[in-house]
Amino acid sequence: MKLARLGDGAEIFHTVQGEGVSVGVPAVFVRLSLCNLHCVWCDTDHTWNFAGTPWKHEKDAVPGYAKVRKEDAIIEMDVAEVAGEVRKFGCRHVVLTGGEPLLHEKELVELMEELRGDGADWFFEIETNGTRMPGAEAVGAIDRFNVSPKLSNSGVDSGLRKKTDVVRGLAGTGKAWFKFVVEKDGDLEEIFEMVGEAGIPKGRVILMPEGRNVGEIDKVAPWLAERCRDFGVRFSDRLHVRLWGDRRGV
Ligand code: SF4
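Throughout, residues of each chain are indexed from 1 in the direction in which the sequence is written. Only residues with pLDDT of 70 or above have their local features reported here, since the model is predicted, and side-chain atom pairs are shown and tallied only from 80 upward, although totals for entire chains, interfaces and linings are computed over all residues. Calculated side-chain values reflect all of the structure's heavy atoms, with hydrogen atoms and water omitted.

(A) Highlighting helix 8 (residues 214-231). Compared with an ideal rise of 1.5 Å per residue, which puts 18 residues at 26 Å, helix 8 spans 25 Å between its outermost C-alpha atoms and is within 8% of the ideal. Bend is computed residue by residue as the angle between axes fitted to the seven residues ending at the residue and the seven residues starting at it. Every helix listed is a DSSP run of H or I at least four residues long, and every strand listed is a run of E at least two residues long, numbered separately from the N terminus. The sharpest bend along helix 8 reaches about 35 degrees and sits at alanine 221, with the proline proline 222 one to four residues further on. On the buried face of helix 8, the contacting elements are strand 9 (176-182), helix 7 (187-198), strand 10 (205-209), strand 11 (234-235) and helix 9 (239-244). With a side-chain oxygen lying 3.1 Å from the backbone nitrogen of glycine 215, the N-terminal cap of helix 8 falls on asparagine 213. Under the convention used throughout, the expected extent of a helix is 1.5 Å for every residue step, that is, one less than its residue count. Whether two residues are in contact is decided by their heavy atoms: any pair within 4.5 Å suffices. Whenever two N or O atoms come within 3.5 Å, that pair is a polar contact, provided that in protein one can donate a hydrogen and the other can accept it, and provided that, for residues adjacent in sequence, both atoms are side-chain atoms.

(B) Examining the side chain of glutamate 127 more closely. In this fold, glutamate 127 is placed in strand 7 (residues 123-128). Although buried, glutamate 127 forms no salt bridge, and the nearest oppositely charged side chain, lysine 179, lies 4.5 Å from it. Here the side chain of glutamate 127 touches threonine 97 through a polar contact of 2.9 Å, side chain to side chain. Beyond its immediate sequence surroundings of up to four residues, glutamate 127 is in contact with Gln17, Phe29, Val95, Leu96, Thr97, Pro101, Asn146 and Lys179. Only protein chains enter the area calculation, which uses a 1.4 Å probe; residues under 20% of their type maximum are buried, those over 50% are exposed, and those in between are partly exposed. Positive residues here are Lys and Arg, negative ones are Asp and Glu, while His and the chain termini are left out of the count. In the sections that follow, a salt bridge refers to a side-chain nitrogen of Lys or Arg positioned within 4 Å of a carboxyl oxygen of Asp or Glu.

(C) Representation of the sheet that holds strand 2 (residues 9-10) within the structure. Whether two strands pair depends on DSSP finding at least two bridges between them. The 3 strands are arranged 2-1-5 in an open sheet whose pairing can be described as antiparallel. On the outer flanks of this sheet lie strand 2 and strand 5 (74-76), each paired with one strand and no other. Bridge count between strand 1 (residues 2-6) and strand 2: 2 bridges; the pairing is antiparallel. In the sheet register, arginine 5 faces strand 2, and the bridge partner there is alanine 10.

(D) Here's a closer look at the environment of alanine 171. Inspection of the secondary structure assignment puts alanine 171 in helix 6 (residues 164-172). Considering only alpha carbons, one finds alanine 171 and phenylalanine 124, 47 residues apart in sequence, at a separation of 17 Å. Other than its neighbours up to four places away in sequence, alanine 171 contacts Ala176, Phe178, Gly199 and Pro201.

(E) Geometry of the packing of helix 2 (residues 79-87) against helix 3 (residues 105-116). One way to put it is that helix 2 packs onto helix 3 with a least axis distance of 9 Å and a crossing angle of 50 degrees. Regarding the angle of helix 2 to helix 3, the classification is oblique. Crossing angle aside, the handedness with which helix 2 passes helix 3 is right-handed. On helix 3, the residues that touch Val79, Ala80, Val82, Ala83, Val86 and Arg87 of helix 2 are Glu107, Glu110, Leu111, Glu114 and Leu115. Geometry is summarised by axes, namely lines fitted to C-alpha atoms with helices restricted to the contacting stretch, and by angles between N-to-C directions that run from 0 to 180 degrees. Angular relationships are summarised with four words: roughly parallel below 35 degrees, roughly antiparallel beyond 145, roughly perpendicular across 65 to 115, and oblique for the angles in between. By definition, turning the near helix anticlockwise from the far helix through less than a right angle yields a left-handed crossing, and turning it clockwise yields a right-handed one.

(F) Up close: the sheet that holds strand 7. On the basis of which strands lie adjacent, the open sheet formed by 8 strands has the order 3-4-6-7-8-9-10-11 and mixed pairing. The open sheet has two free edges, formed respectively by strand 3 (12-16) and strand 11, since each of these has just one partner strand. Here strand 6 (residues 93-97) runs beside strand 7; their pairing, made up of 4 bridges, is parallel. Bridging from a neighbouring strand, leucine 96 pairs with isoleucine 126 of strand 7.

Structure follows, in structure tokens:
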């Protein structure tokens, strides 16, 4: 299983969920490596934006910025090892994240089975970009899908990022919430077009400001919260950015 490397180990850490419908809930995060998209504002680009790749990123403008070397950014662990790391925290709410964790669907199903082998009441959320429809085993094992379909503000071609059938399929599981990253007022039209096309229930829509620091979030959050109120959809802040900035492993 390919995980994001942090120091000598994997990026598996105990924190509180910072976004979406379970914001504030204590959880163990398991960060998988690799992604099939390449969003220009991605805040976990160490999972995919490796040296030698052609992808553009907002960080390119930061003086001294250099892409990570793939061999430094990934750690391979087997499922039992990952389960052992997760168990150490004594917290049974787990967020499977990335990158795009569904690139590792088979191993994640094994991981959930392994952890549930102790008979305890585990809860698994997965954060996915909505481009891959998981199979029946994964749908059965996962308790909540946090789906974040990408808009044109991601800089990714629509053919890669926009998979209406997948989003419709995820909505049909009854376990999915749909979180859209908003940069500007003009994004809202694109979001509601997507919501209509894919048949996403309005009650499952969450709008969240784009921003990798508090200043960027605060440019969007006040007016976006008002738009959420007017549209009758849920607003999400980015709690972890407010608390810890862009630090990893917290
Ligand atoms: S889909 Fe998510 S992890 Fe992948 S590049 Fe976009 S924001 Fe980053």
